Each structure stands twice: as C-alpha cells, then as structure tokens.
Amino acid sequence: MMRLPAFDYYAPKTLDEALALKQEHGKEAMYVAGGTDLYPKMKRKQMTPAVLIGLSEIDALRQVENGQGLTVGANMTLTEVANDPQIDAHYPALAHAAGLVSSPPLRNAGTIGGNLCVDTRCTYYDQTYQWRKALGFCMKKDGDICWVATSSPRCLAVSSSDCAPVVIALDGEVRLAGPDGERTIPAGNLYVDDGMEYLTKSPDEILVSIHLPPRNGWQMAYWKLRRRGSIDFPILGVAVALKLEADGVCRDARMVLGAVASRPLDVSDDLKEMLVGERITPELVDEVAQKAYRPAKPLDNTDMHLSYRKKMAKKYIAGALSEAAGLESPVSPISRQ
Amino acid sequence: MTMKSLLRLTVNGETHELYTAVHKTLLEVLREDLQLTGTKHGCELGECGTCTVLVDGQPILSCLALPVEMQGREIVTVEGLAEQGEPHPLQTAFAELGAAQCGYCIPGMLLSAKALLDEESAPDRRQIQEALAGNLCRCTGYVKILEAVELAAERMSEAASP
Amino acid sequence: MTDKNGDLNVVGQPWMKVDAMSKVTGETIFADDVILPRMAYCKILRSPHQHALIRHVDVSPALERPGVLAAITGKDLPIKYGILPVSQDEEALCSDKVRFVGDPVAAVAAVDEETAEAALEDIIVEYEPLPSMMSIDEALAEDVQIHDYADEGNVHKFVSLEFGDLEAGFAQADHVREDVFFYEGNTHLPMEQHAAVANVDGNGRLTLWSSTQTPHYVHRALEKVLEIPRSRIRVIATPNGGGFGGKSDPFPHEIVVSKLAMITGRPVKVTLTREEVFYSHRGRHPVLMWVKTGMKEDGTITAMHFRSHLDGGAYGSYGVASTYYTGALQTVTYPIANYKFEALRAFTNKPPCGPKRGHGTPQPRFAVEVQMDKFAEDLGLSPADLRRRHIHPPFSKTVNHLTVTTIGLDECIDKVVEASGYEEKRGQMPEGKGVGLGCGSYLSGAGLPIYWNDMPHSGVQIKIDRGGGVTVLCGSIDIGQGSTSVLAYVVAEELGLDLDDVVVYTGDTDLTPVDLGSYSSRVTLMTGNAAIAAARPLREKILKAVAEETDTPEELLTIHDSLLYRTDNETLPLMTFAEAAALAEARFGTLGAVGSYTPPKRGGNYKGAGVGPSPNYSYSACVAEVTVDPETGIYRVDKLWIAHDIGKAINPLLVIGQVEGSAYMGLGEVMMEEMVYRRGLHEIPSMLDYKSPTTLETPEMETFLVETDDPEGPYGAKEAGQGPLLPIIPAVANAIYDAVGVRVDELPISPEKVLAGLERKARGVEPRVGPDKIPDVQFPDPIRVDRPEEAPVR
C-alpha cells in the first residue's frame, strides 16, 4: 500500500488563520485543497511537507458570485464547476474543461483552484521515490539534472491543467491572498515557463478565486488530447475564445495551448493578427492552424510521441477554432474531447 | 512524533470514534482501523477508482481522502449498501448478470453506480459509461456492468412507481 | 447427468455464480483482506540496477530501527526455483546478481508497513554494474551473459522444427508472401495487487494465504526453497482479484513472507504496490515475427515458415513454453501442409515475461490473420471466404501431430459475418469506417503437466453430510472466471441437487485434492471431468440404496432439485436427497468419493511435442467495426461481433462474460497497452500511465456461442477464457486497413502509427507501418518430423 508520509494537519476556518499558520510553519508547510494532486505526490515523496494546512473548511473559498462577470471560489470542486448552470451557460468551455479533468470520483474532490495550480508533470518526475532514485534524481526533486534534455538548464516538466488554458483564454483573473494582503492578477500572469517554479503565486499565498469577465458574446471551445476518454491528464489542450460580430467578422480572438510547455502557452497575438477584421472561413482556420501551432514544443515526457503531439497541436487548433467559430471541424468528433 | 487525532467518523450510519495518525488515508482507516475490508485498492494514487466510497452521496477516492476532513459527513462503503440484510438492487443486478467476475473492482463500481442512480433514476448507456469512467475493470469488458446498472435502474423505477 | 428426456437440469442455464453475492457485498476475503493477530508487515528492497553484481549487503542498520523484527537477504534463501523444471533460475532474494530494475534483494518484517518501508532505506547494498541489455539486439550482441545456462550467449532457448517438407510445399505454391510483424509486450494489470500472508503455528506448520492461480506449484516451490517437507506446509489460494496468467508463477514475495514468518514467529503480510506488480510481470512477451506462407490459387496453404524472436526479460518463468506456443497452434486454426517453425527467446534486463491470457498465441495469431487478409487481397478473395476454405475436418491431425476433435470455426465465421454485415460493409463503408475479420483457436488445457509425472491433472473430492449438504473439494482456484461455480453446477447436475445444497471449497493444499491450477484454460474441462468422475459412483450408491428401500427398479429412479423421483411419476417425490443420502450412508457407510482427470496422451514424438496438445480446441471469430479519423489517426472501435465455439456452455452467462472479458483485453492490447522502457527503467509503472481501456473506449459487443458438443469436455464443453482474445486483435487491425487503407503491422496500433501510415499513403509510399525485417540469426538445424499419415493436406 502506498502511504502518505507523516505530517501535522491543521484545518483553519478563515483565510487569515490559514495565512497565519503558514507564517508560523514556514517552508515546511503546504496548503492543500482537494489533495488529488498533492497526496499522490506525497506518497511518491515528490513533496514532503511536514505540515498541511487544509483549506476545505474556509467558506470564503467556496463561493460563486455573480457580478460583473462571475467569480468562482477556488475550492469549488471540478464536478461543481462542470455542472454549474451559470458556468455552463456563460463559460461552456470552462465547464467542459473541468468535466474532462481526470475521472468522476477525482473531480468530486479535486478543486478548480487545485487544477489551476496543478503541479507540472513529467514521466521522469511523476514516479515513486525508488524509481527516481534508481535513475538518479532529477532537478525538480532531489537532483540536479533534467532527464528530458540533459543539457537543459531548467526543468522541462509540462503544464498539465485543463482549466488554466480556458481561464486565460477567457481573460480571467485570479485573486491571491498572502501575508501582505490580497492581489488580483490576470490568470496568464500566474504562470512561468519553468517546470519547477511554474507559478508566480508564492508558496505563502492562497488562490482565493477566479474571476471571469462577462461573456459579451464571446464564443469559445476547449479541445483536449489524451489516450483515453477519462483519467488521463491532457497531453495537449487548446482553448479558444472568439468575439464575433453579428456579420461574422472577428473582432477579437484569444487562444491558449495547454501541455506544450511548462506554462499554458498564450498564442493570442498570432491569432489576433490573422483573425481580427476577418470573416472566419475553413481556409482561414487552416491558415491559422498552420501558424499558431509552431510555438508548441512538446517534449518526450508525456504520453504519446512528441512529434505526434506537435502535429496534433495544428489539428486541434483547427478543431477548436472551427468549433468556436461555428464551422464544421476538419477533425472528426471521435478525436474531440 | 506522529500527530494523531481523535476522529468521529460516520460510516454506513454508525459512528466510530478512533484515535489515529492524521496522515492515514480514509482507505487505510476503513480497512485497517475499522476492518471494513470491502473497500479495495488498486494503486492508492487516485488512478484506478477501486477504492471509491461515497461521502455525502458523492463518489470519492478513499486513497486520496483524509479522515480528518470527513468528520460530520456520511461515509458509505460497500458494506453499507444493503439495508436490513436486503441487498441493494444494484448488488442483486450485478450478481445476477455476472457483472462481478473477480469482483475486486466491484465495491467501487457499485458505489459510483449508486451515486449515479441516486441522481438520475433512468440514465442512458452513455451516462452510465461516463459515471463509471473512473473505475477500471480488467475482467468484464464493462458490458455486464453497464447492463446491470440499467437493470437495477429499471427495477428501482418499477419499485418506486405505485 | 441427463434425466429421462436427456435434458440437463443445471448445466446450460445462466445461473448466478455461487460466489456472486459475496463479490457484490464486499464479503469475499482477498489475500490483502486476511488480518491475523500480531501480524507483521513485509516490504521488499529491489534492485535499482538493470544488471549488476551484488558485492555486499548489510541489513544490520535496518535491524536497529525500532519496530523492525527481521531482515533477510539472498543468503537466507539460497536455493533457486522456477515454475518450469528446465528453468530453475530464480531466487527469492538475489544473492550474487541482479538482472532487472525491481529484482528483489532484501526484505524486512516490521510491526507496521511504514516502519518496514522506512527500514529498507537503512539497508546497505553495494553493486558492481554490468552491461545492461534492454532489447533482443543488444542481448545478442553482448558477450556478458545474463544467465549461464542459456542455450548460447543470451539466447535462452532455440527452437527449430520442420514438419513435412517445407521446400516441396513452397514449390507447390502459386503465391508466396513474406511479412514481418511486431507485437509489443504488455501486462495483465489485475486490479488486485499480489498479496500474501504467512503464519507458522505452534507445531511449526507453515500456512501461506496468497493470491495465486497455482497453489500446487507454490506449495512445491516453498518446499524446495524453505527445505520443509510439503506435508508441513499449507498453501491457501485466496480468490484472485484478477489473474490473467500474472499470478501463475511462484513469486519471491510468497517465499519471503514465509521465511519471515518462520524467523519472527508472527504472521507476516506482504502486499505489492502497483509498481511492484509491474516488476513481477510475467506478461506478454514482445515478439518480432517473420512469416513466409505459400498458397495455391484456391487458397490451400502449401507451406508456412514462421520465425519468432521473443524478448524474455530477465528470467525463464514459463518462457520455454511461451516460445513453443508462438509456433504450436498455427496449424490448429488452419490446416498447413508443410510447416517450419524457428524461434528464439532472449534474456534481457527487464522484468521477466511469462504467460498472459492466450499465452504465446496472440502474437502469431495477429501475424497470420493479418497476412491472411493480405493474401485475400492478392488473390481477389473475400477474407471470410478465404478462411472458410481452411477448416479442419473434425477429428483430424495437424501436420505437427496435434489432434483436433470438433471444430466450430466455420459456424463462428458465418455468425459474425452475417450479424455484422461484413460482406456488405467491407470496402463499401464511407472513408474512415471499416470492418475486419479475425479468427483463432486455443487449447482447453495443456495435455501435459508442467513437471513430468503420471498423476492426474485434476482431482475432486465430494462428501455428503447427513443433512443432505454436499461439499465439493478441489485444488482449483477461482480467479474471477467462475471455476468454483462450474464445480457446483457439475456436481449439482450429476447428483440432482438444488444448487443451494452444494458448497465448494477450493485451492487449499491441506483440504483439497490437487488441481494443477487456474491457467492454460484447463479448469472447466479438467475439474469438470474430475467432478463427474467423483459424482457418478456416488449417485449410483444413492440410487441403489433408494431402489432397495423403495423396491423400485434403479433405472426408474431419478434425482433433481434435491428430490428423488420415479421417472414414471415425477409429480410426487419419493423422498428428499437428504433422506436418500441417509439410506445410502446406512447401506454403504460414510458417503464420499474422489474423481480425477488425466488428459488423453496425444501429440507427437519429437522434442517440443509437449507444447500444443490438448483434449480439445476452442475456435473463435470476430468482426470489428471501426471509425478512424484520417486527420489524427485516432480511431474508435464501434462494435465487436464475436462467435466462440464453446463446445457446450455449462453456464452461458459465464461463458459470455469470459468472451467479453477476453475481447476487452484484446482490445486493450491492440489499442494501447504496452510495457515500455527508457534508460533501463519501466517508463510507465502505474495505472495512470500504463493505459488500459475505460468504459469509454470499450465498444458494444455481440456474442454468439457455437456449440459443437465435444466428446472430450464435460457435457461437451471447451474453454472460454482465452481463445476469444485471439481474433480481436487482427480483426481491429484488418478493420483499420479497410477503413483507411493503412496496414499497421505492429502492436499496439496507436494513433501515432495510424497517422504515420496515412502520411505515407498521402506521399504515395506503401501505406504500412511496422518492422521491415527480422535479424538474421543462425538457427540450429531443424528437428525434422514427418507429416502424420492421417493429416489432411487441406
């Protein structure tokens, strides 16, 4: 039986208490929400906090507020996000993405906040302690080498969140509470292209909520590649948001790729350049796909061959873009998740 | 020194008080402290669904749940499915249709199915597949399992209608 | 037993399994559910090296850790063992050398599992690394040997056999094809991780509870390694939470906990982690295959030359048998006039391969069935018609001296072709959709035992209580396939019992007569026949006693539903079974009986003839329908139609369950499952990364049972647990070809490979993905065996 290493556990009722506990215990402590990412990693000794600060009893993290747009508490479970009628009505791509995370029982515990902060993944890193020891520890934990590319100065673990690309593509913001107060940042600014230090959120900060701006006619889609229809992490994600005029002309566009770098990869600039002011046609979709997939740099550290994933980036971009634009996808529905 | 805590857990309608290490998962506490060995385990990493139990009616992975967070909530394991010695219609249907071959994944499978039927009394095949998509089975090819859920749903609907 | 109308009362009905309610209530006690007072826990330290000499092991620091009760190394268990008498190459704990990452080196017993695990870190092991060989090519090129008993270098086993006259056969052929295929290794992935508990009682008797498919072989291995007479060891096989062949070897952890229980005087439990299950493996061998076949215009196979290279991993396991099995049954599925089979199994520094569902036969089946499709295209024939031309006459011999009894392959093909609309759909569906056909045959148990002996393969004992309860004892073990239920059905049928009056105890070396184990699809046929042999004399005694008491002619008496009747008046029972049994006990003394079964001695008289013979062979056919996305290579199997020649379905519900389960496992193998290694390590030793299909990938299945009433099987039965896997894989491969015109001659058929084929097609290159050639290896001169006189040419 894989077991958790020993730790002390605290269940604060308020954000302030949680922050104070973290200050008290310092680096030895970690926050935990659903635990579905952290506990397996602790069992494999990828993370070994001596203290866990459970966030599940903090009511402030569990609210959905309707104002200018929608604010989703970080502790909403992925099941709740997937099934929430407001989210489904206004941000269907987010409901869709949340519903594609892992498996049904996991989504009942895993949270949206946890998915946004999910640890970067790598087939050299997501292994047991004994396995990693046998190979030689990698730089992400206990070692100093990156086995994916041994000359790489940095860790190349892969951003593996389904929800993050969507939240970024929807121009969402995240609210962080820290010892020095709260701050709100664009969701895209939460991430860094580094497999180890992949978040700008300091370990002391708590992700409180996600704010999504009013939909205002944005069309959106999320496409996910993985081997199976359940359980698996994304090995490619494409989130697209399009603002289309009544006459079908594109006024604004955003696209974020998941699982092709250590952070969600925002390729909106390329997209805007090609789409804004244009009527979206299958030919244009193809043209965009030919270009927008290029920054995707899949590496040999997830399921499926990296060259295949690179090719699929092009196809899935075309698929997601077509879906958001209301066009027939060139990629069959059997490839769509 | 391992941090222990006094837990009060409601499992299958019974309240248990136990003093145990906080880092023991719900799976370990059910199997080892309460000797409810009906809950099985296949990976302990949240990857197979075998250890699924219900918490407040929702299927969750007991290998990734801390008992300390489960206090005050209703935990149901396979041992709690029967009522007054009467098996749950899902149990009967699984047994009758041969949906349990080795039976090892079945406790988790039954609990995921129960949560589905509690929510949706007449699910279609696709809904059942999706509800059980986190519970791996290596024996059956799932066919008999899906049929058993349908049969149980049918019987439960019949029993509920006047 | 048939009643006066020749009807069966129990057999043939879709009864619930006798253990079904225990399985759905959580009552069933699997090995990890065994909890004993004072139980200690064991963890095993495993090698971090692929190949290394062990220079020094020091467990003393572990012993100093509070809570640690004992720590052992290879020195404590120096005797080698192995499932096959020819491959006694395993150690419970490696003493001088490790051969793969995960090879066990030392073990600790402690008061709890956490302490035991922590103590592993205290153990000091010094290794001297050796060159590691992670592929057949590397193994053949390297001078350093993994085992010194290999046939040559790192070739564990060479096989070279020629039946008939190959050259003459090819000379008669109008068409000759040579194709190369690769079938990647994969593993059983039972949901239950292996577990075992050992206890030594006050008299020094050892009891081992284990999730094993083969308690008898574990019993023998414990005797050998622990040097305790078997009479003082009891092995209890707990119901297996899935086996599929993966729990058929005696395993290090079973021996280790036994030793630790002896040392500590406490019960000791071990439960492998999922990663350790991957290291225990014994799964499907990766096999590279080259097959050259000659056919006449009419489809007659005049000659086949089949070569297979097996990557065996680090130990022998069942490997010698696996090697022969990659060649043995080609001739059973279709008649082959002249046949040459060459094979080698190489040792590599990976977890050892062994028997997985279909043992050595899914690989050649994939190759031959895909080649059949290619031939059909060459000859302009329907693949179904081509196969229909290759049906053995019943009760005939194959060129390699195997005896085929009944054969339902033609009917199986008809069923699936008709139900699926194969002929109408083939080549006619919209782009991206296609259908494919595959066939196969499998044995209902090996004709010879694993270790040479003249004793029965299966024994059943029956006792009757004065209350009318009937207890059946048999050494077999239920691994989910329903073997315990089958015993109950057979005995209930024979003695005329209500099923609720029968109780079955299995897999306990103290209580149950030997059955060789739940492998090789042998259990229904062999234990069924043994149960009949035990029950019939008992029935005669009971009828005789009742006849005497009631003054009725014996032939007028019958029993069903636990009631005795006169056949001329079945409305009014004469008495209950319990009353009848009491009469019989008074008349004959205590009621009990034993029965046993030994397969008929068949097969050829050449070295290697021991692999392949079976009392009878099942046949299967499958049509798969797929949808392929030509943009991504991603495909979905929409439906499987499977027909299986079961001989006679003792319980059709359970047979269909076995067919569906086999189909599922085949589907996993063709679509996604593979054991892959990188930098010497298993790349994906987890349930997340080793992909097995979920509910969402598993298609609708329609199953047809074909009954051929085989004279060898109980009530005419054949096996069901393995054969139906075989046709699935080529059926899907052939369907993908039909859908998009791409041949993926390499398993698994991943979207990457389908897309690579599509890209080749777009470039105008042969749309095939797979190996180009098989390395040139000098095989020994073949053993030449004449075609048996009674073997039909076609």
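Scroll up to find the structure this text is about.
Not measured: the values here are computed from a predicted model.

A.B. asks: Can you walk me through the overall build of chain C in this structure?
C.D. replies: Summing up its helical and strand segments, chain C has 20 helices and 34 strands in all. Against the compact-globule benchmark of 28 Å for 794 residues, chain C has a radius of gyration of 27 Å, which places it among compact chains. For chain C, the spread of C-alpha atoms along the three principal axes comes to 85 × 75 × 50 Å. For chain C, buried positions account for 66% of its 794 residues.

A.B. asks: Would you mind showing me how to read the overall build of chain A here?
C.D. replies: What chain A contains, in helices and strands, is twelve helices and twelve strands. Computed over the C-alpha atoms, the radius of gyration of chain A is 20 Å, within 12% of the 20 Å expected from 2.2 N^0.38 for a compact globule of 337 residues. Principal axes of the C-alpha set define a box for chain A whose edges measure 60 × 45 × 35 Å. Taken over 337 residues, chain A has a buried fraction of 58%.

A.B. asks: Mind showing me how you'd approach the sheet that holds strand β18 (residues 433–443) of chain C here?
C.D. replies: The strands that make up a sheet pair up through hydrogen bonds in the backbone, lying either parallel or antiparallel. All names here are of chain C. Judged by pairing direction, the sheet is mixed, and its four strands sit side by side in the order β18-β26-β27-β30 without closing on themselves. Since the sheet does not close on itself, it has two edges, and those belong to β18 and β30 (700–706), each with one partner. Pairwise comparison of adjacent strand axes, ignoring direction, gives a mean angle of 15° for this sheet. Of the pairings in the sheet, the one linking β18 to strand β26 (residues 617–628) comprises eleven bridges and is antiparallel in character. In the strand pairing of β26, L443 is matched with Y617. Here helix α19 (residues 728–740) sits on the sheet and contacts β18, β26 and β27 (635–645); the angle it forms with β18, its principal contact strand, is near 160°.

A.B. asks: Is there a simple way to explain the interface of chain C and chain B in this structure?
C.D. replies: Interface extent is often summarised as the accessible area lost during association of the parts. Opposite the 40 residues of chain C that make contact, chain B presents 39 residues. Elements represented by at least two residues in the side of chain C that touches chain B include exactly α1 (20–25) and α18 (652–671) of chain C. When grouped by side-chain class, the residues that make up the side of chain C that touches chain B number 18 nonpolar, 16 polar and six charged.

A.B. asks: Would you mind going over the packing of helix α2 (residues 89–97) of chain B against helix α3 (residues 106–119) of chain B with me for this structure?
C.D. replies: The axes of two packed helices give the description: the angle between them and the distance between them. All names here are of chain B. It is at 10 Å that the axes of α2 and α3 come closest, and there the two elements cross at 130°. Taken together, the axes of α2 and α3 lie oblique to each other. Note on packing geometry: the crossing formed by α2 with α3 is right-handed. Across the interface between the two elements, L90, Q91 and F94 of α2 pack against I106, L110, A113 and K114 of α3. Residues belonging to the contact of α2 with α3 are distributed by class as follows: five nonpolar, one polar and one charged.

A.B. asks: How should the interface of chain A and chain B be read in this particular structure?
C.D. replies: Facing the 26 residues of chain A at the interface are 27 residues of chain B. Contributing elements (two or more residues each) for the side of chain A that touches chain B: β1 (8–10), α2 (38–43) and α6 (104–107) of chain A. Residue composition of the side of chain A that touches chain B, grouped by class: 15 nonpolar, eight polar and three charged.

A.B. asks: Honestly, the sheet that holds strand β19 (residues 458–464) of chain C in this entry has me stumped. Any pointers?
C.D. replies: Residues and elements named next belong to chain C. The four strands are arranged β21-β20-β19-β25 in an open sheet whose pairing can be described as mixed. Across the chains shown, the open sheet's two edge strands, defined by having one partner strand only, are β21 (502–506) and β25 (592–597). Strand-to-strand, the axes of this sheet are offset by a mean angle of 20°, without reference to chain direction. Lying on the sheet, helix α16 (residues 523–550) is in contact with β19, β20 (470–474) and β25; it crosses β25 at an angle near 145°.

A.B. asks: Hey, could you run me through helix α12 (residues 306–325) of chain A in this one?
C.D. replies: In an α-helix, one full turn covers 3.6 residues, which means residues spaced three or four apart are oriented alike. Residue and element names in this part refer to chain A. Compared with an ideal rise of 1.5 Å per residue, which puts 20 residues at 28 Å, α12 spans 28 Å between its outermost C-alpha atoms and is within 8% of the ideal. The buried count for α12 comes to 17 of 20 residues, which makes it a mostly enclosed element. Just beyond α12, the residue with positive phi is G326, at close to 75°.

A.B. asks: Explain the nonpolar core to me, please; I cannot follow it from the model alone.
C.D. replies: Side chains of nonpolar character tend, in soluble globular proteins, to be buried together. Core analysis: the biggest nonpolar cluster contains 431 residues, and L94 and V240 of chain A together with C42, V472, V491, V732 and I736 of chain C have the highest contact counts within it. Among the elements that line this core, the one with the most residues is α16 of chain C, at 13 residues. If sequence neighbours within four positions are ignored, I736 of chain C has contacts with G434, V626, V628, Y635, V742, V744, I749 and V754 of chain C.

A.B. asks: Which parts of the structure should I look at to understand the pairing of strand β7 (residues 181–186) of chain A?
C.D. replies: One face of the sheet, then the other: side chains in a regular strand alternate in exactly this way. The buried fraction of β7 of chain A is low, at zero of six residues. Where strand β6 (residues 173–178) of chain A hands over to β7 of chain A, the hairpin turn is made up of two residues, counted between the paired strands.

A.B. asks: Got a minute to help me understand unusual backbone geometry in this structure?
C.D. replies: All names here are of chain C. Cis peptide bonds are those with omega within 30 degrees of zero, and the linkage from L747 to P748 qualifies with -10°. If you check the backbone angles, S317 has positive phi at about 45° while not being a glycine. S317 sits in the buried class, given 27 other C-beta atoms within 10 Å. Phi at D709 is positive, roughly 50°, even though this residue is not glycine. Among the structural elements, D709 can be located in the loop between β30 and α19. A tally of 13 C-beta atoms within 10 Å means that D709 is categorised as partly exposed.

A.B. asks: Could you clarify how one ought to interpret the packing of helix α6 (residues 215–226) of chain C against helix α7 (residues 252–264) of chain C in this entry?
C.D. replies: Residue and element names in this part refer to chain C. At a minimum axis distance of 10 Å, the contact between α6 and α7 shows a crossing angle of 55°. Considered as vectors, α6 and α7 are oriented oblique to each other. For the crossing formed where α6 meets α7, the hand is right-handed. Listed contacts from α7 to V218, A221, L222, V225 and L226 of α6 are E254, I255, S258 and K259.

A.B. asks: When you look at helix α1 (residues 15–25) of chain A in this model, what are you seeing that I'm missing?
C.D. replies: Residue and element names in this part refer to chain A. The complete set of buried residues in α1 reads A18, L19 and K22. One side of α1 holds all its buried residues, which, seen down the axis, span an arc of 95°. Exposed residues pointing more than 90 degrees away from the buried face of α1 are listed as Q23 and E24. Looking at the buried positions of α1, the neighbouring elements they touch are β2 (29–32), β3 (51–54), β6 and β8 (206–212).

A.B. asks: Any chance you could explain the environment of L667 of chain C here in plain terms?
C.D. replies: Residues and elements named next belong to chain C. Tracing the backbone shows L667 in helix α18. The buried category is assigned to L667, around which 26 C-beta atoms lie within 10 Å. Taking C-alpha positions, L667 is 9.9 Å from A731, a pair spaced 64 residues apart along the chain. When neighbours within four sequence positions are excluded, L667 is seen to be in contact with V637, P693, T698 and I728.

A.B. asks: How should the environment of G354 of chain C be read in this particular structure?
C.D. replies: Residue and element names in this part refer to chain C. Relative to the elements of secondary structure, G354 occurs in the loop between β15 (339–346) and α11 (362–379). Linking G354 and S322, residues 32 residues apart in sequence, is a C-alpha distance of 6.8 Å. Each residue touching G354, except ones within four places of it in the same chain, is listed here: G245, D249, R282, G283, S317, Y318, G319 and S322.

A.B. asks: Is there a simple way to explain the pairing of β3 of chain A in this structure?
C.D. replies: Residues and elements named next belong to chain A. Where β1 meets β3, three bridges bridge the pair, whose relative direction is parallel. The partner of Y9 across the bridge, within β3, is L52. Where β2 lies against β3, four bridges are found, and the strand directions are parallel. Looking at β3, one finds that M30 is bridged to L52. Viewed along the sheet, the connection from β2 through α2 into β3 turns out right-handed.

Basis of the calculations
Residues numbered from 1 in each chain as written. Chains lettered and ligands numbered in written order. Predicted model: local features only at pLDDT ≥ 70, side-chain atom pairs only at ≥ 80, totals over all residues. Helix = DSSP H or I, 4+ residues; strand = E, 2+ residues; numbered from the N terminus. Rg over C-alpha atoms; globule rule 2.2 N^0.38 Å. Buried ≥ 20, exposed ≤ 12 C-beta atoms within 10 Å, placed from the backbone. Pairing = 2+ DSSP bridges. Axes fitted to C-alpha atoms, helices over the stretch in contact; angles between N-to-C directions. Contact = placed C-beta atoms within 7 Å. Nonpolar A, V, L, I, M, F, W, Y, C, P; charged D, E, K, R; others polar. Parallel < 35°, antiparallel > 145°, perpendicular 65-115°, else oblique. Left-handed = near helix turned anticlockwise from the far one by under 90°. Expected span 1.5 Å × (residues − 1). Core = buried A, V, L, I, M, F, W, Y, C linked by C-beta atoms within 7 Å. Arc of directions from axis to C-beta. Right-handed = clockwise from strand over helix to strand, strands pointing away.

From the geometry alone we can't say anything about function, so treat these as descriptive.
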